[in-house]
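Residue-level structure breakdown
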Amino acid sequence: MANPQTVKNDTKSTIMDAAEIVMAEHGMNGATIREITARAGVNIAAIHYHFKSRDGLVKAIIGRGGDHVSRRRIQMIAEFDGSGARPAPMDIVNFLVDPMIELLEEKGEAGRRFLRFIDRLQFDRRHQPEGSGLHIQEERKYYPEIRQRLTRLAEQACPHVPEGALKQRITMVIDTLLQSLANAEFMSTEWASDERRDELHSYAGNLKAFLAAGLAAPATKVEARNQAGQKREQEARTVPQK
């Protein structure tokens, strides 16, 4: 006789697997509970039983794959801090890209589904008020140090880039990373890591070189002018009033 807890966990995983696929295809708002349950082969009551709501389902998916990526990212940053080395732009890119590549290698098809899901979630976030995306909220809630530490390391790696422009570039790097990985040709079909490992590493190396170059590019004239203006404003505020 099957263990009830095992059956419960299997049902929950099956629903999350189905939701990853449907939401990646149709977006967070376009995906319907009916489509998800039909693909999972369960009734609508199962969604409410296991996740309470649509947001609860999305959070569970983020936690299942995102926790793996975030913990690895924290480990990489801690190891780098312990080395005492000065960060380079490629180090910042490695922190962002490598955990995603490792997820694909370790989780196979489950990793591919999650990356395509999180890419769509990132895309949908751009059509919401800043910071309202569920995966952004969850990351800030459970791993607030990641974004803060990455920003500080990026400032050390790219001191020539103004603060505001650097934050924009980090967002561009993340968006491009997710879009490129999720929509690469080898990601369009079910994942077979043993057959595609060389292709994945070749693609990742090329992608990282591209992202590092963009992150480290010289500041534009507009960025430099804005930085100079901000510096003058700061200096003016620190001048003692007579």
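Reading the values: the criteria
Residues numbered from 1 in each chain as written. Predicted model: local features only at pLDDT ≥ 70, side-chain atom pairs only at ≥ 80, totals over all residues. Heavy atoms only, no water. Helix = DSSP H or I, 4+ residues; strand = E, 2+ residues; numbered from the N terminus. Buried < 20%, exposed > 50% of the residue type's maximum accessible area, 1.4 Å probe, protein only. Contact = heavy atoms within 4.5 Å. Phe/Tyr/Trp six-rings, centres within 6.5 Å; stacked < 30°, edge-to-face > 60°. pLDDT = per-residue confidence, 0-100.

So, on to the environment of Glu 25. Residue position: Glu 25 is located in helix H1 (residues 4–30). With a relative accessible area of 48%, Glu 25 lands in the partly exposed category. Note: C-alpha distance between Glu 25 and Phe 117 (92 residues apart in sequence) is 8.3 Å. In contact with Glu 25, other than residues within four places in its own chain, are Arg 39 and Arg 120.

Moving on, we get to the packing of aromatic side chains. Considering all chains together, one arrives at two aromatic pairs under this definition. Where Phe 80 meets Phe 95, the ring centres are 5.7 Å apart and the plane angle is 80°; that geometry is what we call edge-to-face. Here Phe 80, found in helix H4 (residues 54–83), pairs with Phe 95, found in helix H5 (residues 89–107); they are 15 residues apart in sequence, far enough to count as distant. On the basis of relative accessibility, which here comes to 4%, the residue Phe 95 falls in the buried class. Look at Phe 114 and Phe 117: their rings are 6.4 Å apart centre to centre, the planes differ by 35°, and that puts the pair in the tilted class. Here Phe 114 and its partner Phe 117 are both found in helix H6 (residues 109–125), three residues apart, which amounts to about one turn of the helix. For the pair Phe 114 and Phe 117, a shared accessibility class is recorded, and that class is buried.

Attention now goes to the confidence of the model for the chain. Of all residues in the chain, 79% have pLDDT values of 70 or greater, and the mean over the chain is 84. Per-element confidence in the chain ranges from a low mean pLDDT of 62 for helix H11 (residues 221–238) to a high of 96 for helix H2 (residues 33–40).

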